[in-house]
Amino acid sequence: AEQAAVLADLLGCFRPRRIISSPATRCVQTVEWYADAIGADIEISKALTVPDQVHGDPRQLVLDVIEDGVPAVLCGHGETLPGLVAWLYAYLDAAPPADPWLAKGEFDVLHLLDGELVGAERHLAD
């Protein structure tokens, strides 16, 4: 709960308007604080579930978010996100982070302009 509250404050700096989460309770609870703070609904996507339960292609979800052009938060699982992040960097023709694994409460922020990566940051909600 403490990390979710800190995360809500940090996310406010980037002003994402869409919030997309795995249906797992811990993921929903992670983004709930921010969603409540901005009065947004949390979109549930089974594409963000753990690898053996994935329903749908998380890569397509990411492409849809990019095409939508609305700043978004995607909350998923440590087992799924490193591969998705590596794929996204390759798709954007950009060098991936040295360590694709995210610790609990850690998140990446990717800044895109016209579909190109113009900046990337890693933060820890601690």
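Below is a summary of the structure that appears in this document. (Residues numbered from 1 in each chain as written. Predicted model: local features only at pLDDT ≥ 70, side-chain atom pairs only at ≥ 80, totals over all residues. Heavy atoms only, no water.)

A few points about the pattern of salt bridges
Move 1: For the structure on display, the rule yields four salt bridges.
Move 2: For the salt bridge of arginine 18 with glutamate 43, the shortest nitrogen-to-oxygen distance reads 2.7 Å. Here arginine 18 is found in strand β1 (residues 18–21), whereas its partner glutamate 43 is found in strand β2 (residues 42–44), with 25 residues between them in sequence.
Move 3: What you see here is one network of salt bridges that share partners, running through Arg18, Glu43 and Asp68. (Salt bridge = Lys/Arg side-chain N within 4 Å of Asp/Glu carboxyl O. Helix = DSSP H or I, 4+ residues; strand = E, 2+ residues; numbered from the N terminus.)

A short note on unusual backbone geometry
Move 1: We note that arginine 15 has phi near 55°; this positive angle belongs to a residue other than glycine.
Move 2: By the secondary structure assignment, arginine 15 is in the loop between α1 (2–12) and β1.
Move 3: Within the chain, aspartate 114 stands out as a residue other than glycine whose phi angle is a positive 55°.
Move 4: Mapped onto the elements of the fold, aspartate 114 is located in the loop between β4 (106–113) and β5 (116–124).
Move 5: The exposure class assigned to aspartate 114 is exposed, which follows from its relative accessible area of 76%. (Buried < 20%, exposed > 50% of the residue type's maximum accessible area, 1.4 Å probe, protein only.)

Remarks on the environment of tryptophan 101
Move 1: Structurally, tryptophan 101 is set in the loop between α4 (81–91) and β4.
Move 2: The spatial distance from the C-alpha of tryptophan 101 to the C-alpha of threonine 80 is 9.7 Å, given a sequence separation of 21 residues.
Move 3: Setting aside its immediate chain neighbours within four residues, tryptophan 101 contacts Gly78, Pro82, Glu106 and Arg122. (Contact = heavy atoms within 4.5 Å.)

Focus on the pairing of β5
Move 1: Pairing between β4 and β5: eight bridges, direction antiparallel. Residue pairing for β5: phenylalanine 107 is matched across the bridge by histidine 123.
Move 2: Following β4, the chain reverses through two residues before pairing antiparallel with β5; aspartate 114 in that reversal takes a positive phi of roughly 55°. (Pairing = 2+ DSSP bridges.)

Looking at the packing of aromatic side chains
Move 1: Considering all chains together, one arrives at one aromatic pair under this definition.
Move 2: Summarising the aromatic geometry, the rings of tryptophan 87 and tyrosine 91 are spaced 5.4 Å apart at their centres and angled 20° between planes, so their arrangement reads as stacked. Taken together, the residues tryptophan 87 and tyrosine 91, both in helix α4 and four residues apart, mark about one turn of the helix. (Phe/Tyr/Trp six-rings, centres within 6.5 Å; stacked < 30°, edge-to-face > 60°.)

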